[in-house]
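Here is what each chain is made of, one letter per residue.
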Amino acid sequence: QVQLVESGGGLVRAGGSLRLSCAASGRTFSSYAMGWFRQAPGKEREFVAAINWTGGSTNYAGSVKGRSTISRDNAKNTVYLQMNSLKPEDTAVYYCAAARRVAGFSRQGNEYDYWGQGTQVTVSS
C-alpha cells in the first residue's frame, strides 16, 4: 500500500512558476512509475507528466511540454512537478499517482494503482 500526499499548489499569476511535490509512504516507492494528472472544473482528468522508477525516462503532455519538468528523489520518496510560464488554462486540481506494474512510464490513468488527494493550482490572468 502506498499513500500519496501532494503539496505546493496555490494561486499564481500567469507567467509564474510553481513546484508541486508528492510525498509517498512505503519502502517500495523507488520501484513505482509515477505520474501527474490534472482535472479542471467540468473537464475530464488528463495526463500531465510521467516518470519511470529510476527517473531516467520522462514523458509530457503536449500542453505542458517545454514548460514543466517531472523529477523524483527516491531517497526522499518524493516526486516533483516544476511548472513554469503558467497559463490560466493550467488551472486545475493536480494529482500524483503511482503505478506498480508499469515497466517504464504510462500516460494512462487506469494503469495507476494509487492516487493522492490532489492540490489546487489556480493561475490568474
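As a convention, each chain's residues are numbered from 1 in the sequence order in which they are written. Under the rules for a predicted model, residues below a pLDDT of 70 receive no local features and side-chain atom pairs below 80 are neither given nor counted, while totals for whole chains, interfaces and linings still include all residues. Only hydrogens and water are set aside; all other atoms, that is, all heavy atoms of the structure, feed into the side-chain values.

J.: Quick question: what am I supposed to make of the environment of Asp-73 here?
T.: Along the chain, Asp-73 falls in strand E7 (residues 68–73). Overall, the relative accessible area of 24% leaves Asp-73 in the partly exposed class. In this structure the C-alpha to C-alpha distance between Asp-73 and Ile-51, which are 22 residues apart in sequence, comes to 11 Å. Here, residues are in contact when the closest pair of their heavy atoms is within 4.5 Å. In contact with Asp-73, other than residues within four places in its own chain, are Phe-29, Thr-78 and Tyr-80. Under the scheme used here, helices are H or I runs from DSSP no shorter than 4 residues and strands are E runs no shorter than 2 residues, and both carry numbers assigned from the N terminus. In this scheme, a residue with accessible area under 20% of its type's maximum is buried, one over 50% is exposed, and one in between is partly exposed, where area comes from a 1.4 Å probe on protein chains only.

J.: Is there a simple way to think about the side chain of Thr-119 in this case?
T.: Tracing the chain through its elements places Thr-119 in strand E11 (residues 119–124). Any pair of nitrogen or oxygen atoms within 3.5 Å is treated as a polar contact; in protein, a donor-acceptor pairing is required on top of that, and neighbouring residues in sequence qualify only through side-chain atoms on both sides. Only 3.2 Å separates the side chain of Thr-119 from the backbone nitrogen of Gly-9, close enough to count as a polar contact. Here Thr-119 is in contact with Glu-6, Ser-7, Gly-8, Gly-9, Leu-20, Ala-92, Val-93 and Tyr-94, once residues within four sequence places are set aside.

J.: Just checking my understanding: could you explain the environment of Val-123 for this structure?
T.: Checked against the element boundaries, Val-123 lands in strand E11. Along the sequence, Val-123 and Leu-11 sit 112 residues apart, while their C-alpha atoms lie 5.9 Å from each other. Look past the residues within four positions of Val-123 in its chain and what remains in contact with it is Val-12, Arg-13, Ala-14, Leu-86, Lys-87, Pro-88, Asp-90 and Thr-91.

J.: Looking at this structure, I do not really get the nonpolar core. What am I missing?
T.: Nonpolar side chains in soluble globular proteins tend to end up buried together. In these notes, a set of buried Ala, Val, Leu, Ile, Met, Phe, Trp, Tyr and Cys residues joined through side-chain atoms within 4.5 Å is what counts as a nonpolar core. Counting residues in hydrophobic clusters, the biggest one holds 38 residues, and the most contacted among them are Leu-4, Met-34, Trp-36, Leu-81 and Tyr-94. Of all the secondary-structure elements, those providing two or more residues to this core are strand E3 (18–24), strand E4 (33–39), strand E5 (46–51), strand E8 (78–83), strand E9 (92–99) and E11. A total of 6 residues in this core trace back to one element, the largest contributor, which is E9. Among all residues touching Tyr-94, those that are not within four sequence positions of it are Glu-6, Leu-20, Trp-36, Phe-37, Arg-38, Val-48, Leu-81, Met-83, Gly-118, Thr-119 and Val-121.

J.: Just to check I follow, could you spell out the pattern of salt bridges for this structure?
T.: Close approach of charged atoms lets side chains of opposite charge pair. What makes a salt bridge here is a side-chain nitrogen of Lys or Arg within 4 Å of a carboxyl oxygen of Asp or Glu, nothing more. Evaluated as defined, the whole model comprises 5 salt bridges. Measuring nitrogen to oxygen at the nearest pair gives 2.9 Å for the salt bridge that ties Asp-90 to Arg-38. Within this pair, whereas Asp-90 is found in the loop between E8 and E9, its partner Arg-38 is found in strand E4, the two being separated by 52 residues in sequence. Exposure class is identical for Asp-90 and Arg-38. Each is buried. A salt bridge links Asp-113 to Arg-100; the shortest N-O distance between them is 3.5 Å. With Asp-113 in the loop between E9 and strand E10 (114–115) and Arg-100 in the loop between E9 and E10, this pair connects stretches of sequence that are 13 residues apart. Counted as one network, the salt bridges with shared partners bring together Arg-38, Glu-46, Arg-67 and Asp-90.

Function cannot be read off these values alone, since they describe shape.
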